[in-house]
Amino acid sequence: MRQCAYITVVVAFLFCETATTCGSSGKDLQSELSGLYERLVSSRNDEEKIGINDSIRILIGSYAVSDTAITHKFDGLRYLGQIISPDKKVKIINWNLILENHKSRYYCYIIHKPSRKEAGRVYTLEAEYRETPAECDRIYHDSDWYGSLYYDIMPVKKSGVENWIILGIDYGNQLITRKVIDVISFDKEGKLSLGRKWFVSGDVVKYREVFEYSSEAVMSLRFTDSGSIVFDHLVPVSPGLKDSMQHYAPDYSYDAYYFRDGMWRFEQNVDIRNRKD
């Protein structure tokens, strides 16, 4: 089983007026979480791991409902991902639990604060690792989430409606790594939706884009400064393997999605060095 690979960003804990000595025990919560995650990674006992993870969930659940959670960050905490949208209205905290003899799991907290005057709302998502990818022809909600580790977010408005594009990675299949482009939105009642019929590729219109490739390869998927989404073009390592996604890898060319006429439109073989949107 692959070890937890999501170690790039951090989570903040601020339950009182200072950021270093909060919590009922008086401990620095960042240090407490750091210790829990180190124990989680080093343990080889599933029951022990689940118990440690439950402690992490309690801490993060309490933190997520605090007033400062939407914008506050600590640096240096490994194994826990945190991203904040540039408009400061959405924050995502997530991590994965690697188990030895049971299905591994993803955990995600999405905080939505529409304005300074409105209280933030927290959505708790949980999913087991899946051998199959997220479907591209449907909308998901917090109750039936497919599972992913999100690492970047960008707000996009259409007809005055706020949406957030998110980029994620999924290790649910040991032979295949997946990356996903998805959309977060909230209706007037505050219901969370993942997916929007927005991604046009040829004659196909998808709710999200999912890429699959060899777990031994590395694929780039990122936002550009101009607001497009650029990614490695994936090909089979041999022509005879074109139906086997575990043998796909980048070929050093790039594709992209550009937001035009209210839709994300696919374009193949783009020159990311000279392109001006």
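Residues numbered from 1 in each chain as written. Predicted model: local features only at pLDDT ≥ 70, side-chain atom pairs only at ≥ 80, totals over all residues. Heavy atoms only, no water.

S.K.: Is there a simple way to explain the confidence of the model for the protein in this structure?
M.R.: Any residue range with low pLDDT should be treated as having predicted coordinates unsuitable for detailed reading. Looking at the protein as a whole, the pLDDT averages 88, with 88% of positions reaching at least 70. Within the model, pLDDT remains below 50 along residues 1–27, and this stretch shows 85 contacts once partners closer than five positions in the same chain are excluded. (pLDDT = per-residue confidence, 0-100. Contact = heavy atoms within 4.5 Å.)

S.K.: How do you make sense of the environment of Arg-78 when you look at a structure like this?
M.R.: Locating Arg-78 in the fold gives a position in the loop between helix H2 (46–64) and strand E1 (81–84). Here Arg-78 falls in the partly exposed class, since its relative accessible area comes to 41%. Counting along the chain gives 41 residues from Arg-78 to Tyr-37, while the straight-line C-alpha distance between them is 7.6 Å. A polar contact is formed between the side chain of Arg-78 and the side chain of Tyr-79, at a distance of 3.3 Å. (Helix = DSSP H or I, 4+ residues; strand = E, 2+ residues; numbered from the N terminus. Buried < 20%, exposed > 50% of the residue type's maximum accessible area, 1.4 Å probe, protein only. Polar contact = N/O pair within 3.5 Å; in protein donor to acceptor, adjacent residues only side chain to side chain.)

S.K.: Could you clarify how one ought to interpret the sheet that holds strand E9 (residues 199–201) in this entry?
M.R.: Across a sheet, strands are paired by hydrogen bonds formed along the backbone, either parallel or antiparallel in direction. Pairing in this open sheet of six strands is mixed, and the strands run E10-E9-E15-E14-E13-E12 from one edge to the other. Whereas interior strands pair on both sides, the edge strands pair on one side only; in this sheet they are strand E10 (204–206) and strand E12 (221–223). Within this sheet the neighbouring strands show an average axis-to-axis angle of 30 degrees, counted without direction. Relative to strand E15 (residues 263–267), strand E14 (residues 248–260) runs antiparallel, the two being bridged by five bridges. The residue of E15 that forms the bridge with Tyr-257 is Phe-266. (Pairing = 2+ DSSP bridges. Axes fitted to C-alpha atoms, helices over the stretch in contact; angles between N-to-C directions.)

S.K.: It is not clear to me how H2 should be interpreted in this structure. Could you clarify?
M.R.: Three- or four-residue spacings in an α-helix give side chains the same orientation, since the helix completes a turn every 3.6 residues. With 19 residues, H2 should reach 27 Å at 1.5 Å per residue; the first-to-last C-alpha distance of 26 Å fits that figure. Of the positions making up H2, those classed as buried are Asp-46, Lys-49, Ile-52, Asn-53, Ile-56, Leu-59, Ile-60, Tyr-63 and Ala-64. Summarising the axial view, the buried residues of H2 lie within an arc of 140 degrees, below the 170-degree limit, and thus occupy one face. Summarising the geometry of H2, the exposed residues directed more than 90 degrees from the buried face are Glu-47 and Ile-58. Each element contacted by the buried residues of H2 is listed here: helix H1 (29–42), E1, strand E2 (90–97), strand E3 (105–112) and strand E4 (121–128). Backbone nitrogen of Glu-47 and a side-chain oxygen of the N-cap are separated by 3.0 Å at the start of H2; the cap is Asn-45. (Expected span 1.5 Å × (residues − 1). Arc of directions from axis to C-beta.)

S.K.: Help me understand the pattern of salt bridges in this model?
M.R.: Close approach of charged atoms allows side chains of opposite charge to pair. Tallied over the full model, the rule gives 13 salt bridges. The shortest N-O distance in the salt bridge between Asp-144 and Arg-138 comes to 2.6 Å. Residue classification places Asp-144 among the partly exposed residues on the basis of a relative accessible area of 30%. Judged by its relative accessible area of 26%, Arg-138 is partly exposed. Across the pair Asp-170 and Arg-178 runs a salt bridge whose closest N-O atoms are separated by 2.8 Å. In this structure Asp-170 comes out as buried when scored by relative accessible area, which is 9%. (Salt bridge = Lys/Arg side-chain N within 4 Å of Asp/Glu carboxyl O.)

S.K.: Help me out: how do you make sense of the packing of aromatic side chains in this one?
M.R.: What characterises a pair of aromatic rings is the spacing of the ring centres plus the angle enclosed by the ring planes. Taken as a whole and judged by the stated rule, the model has 17 aromatic pairs. Between Tyr-140 and Tyr-146, the ring centres sit 5.0 Å apart and the planes meet at 75 degrees, which makes this aromatic pair edge-to-face. What makes Tyr-146 buried here is its relative accessible area of 5%. Seen in terms of ring centroids, Phe-199 and Tyr-257 are 5.5 Å apart; in terms of plane orientation they differ by 80 degrees. Their pairing is edge-to-face. Residue Phe-199 is located in strand E9, and its partner Tyr-257 is located in strand E14; the two are separated by 58 residues in the primary sequence. For Tyr-257, a relative accessible area of 0% corresponds to the buried category. Three or more aromatic residues joined by ring pairs make a cluster, and in this case those are Tyr-106, Tyr-129, Tyr-140, Trp-145, Tyr-146 and Tyr-150. One residue, Arg-196, lies across the ring of Trp-198, its end atom 4.6 Å from the ring centre. (Phe/Tyr/Trp six-rings, centres within 6.5 Å; stacked < 30°, edge-to-face > 60°. Lys NZ or Arg CZ within 6 Å of the ring centre and 35° of its normal.)

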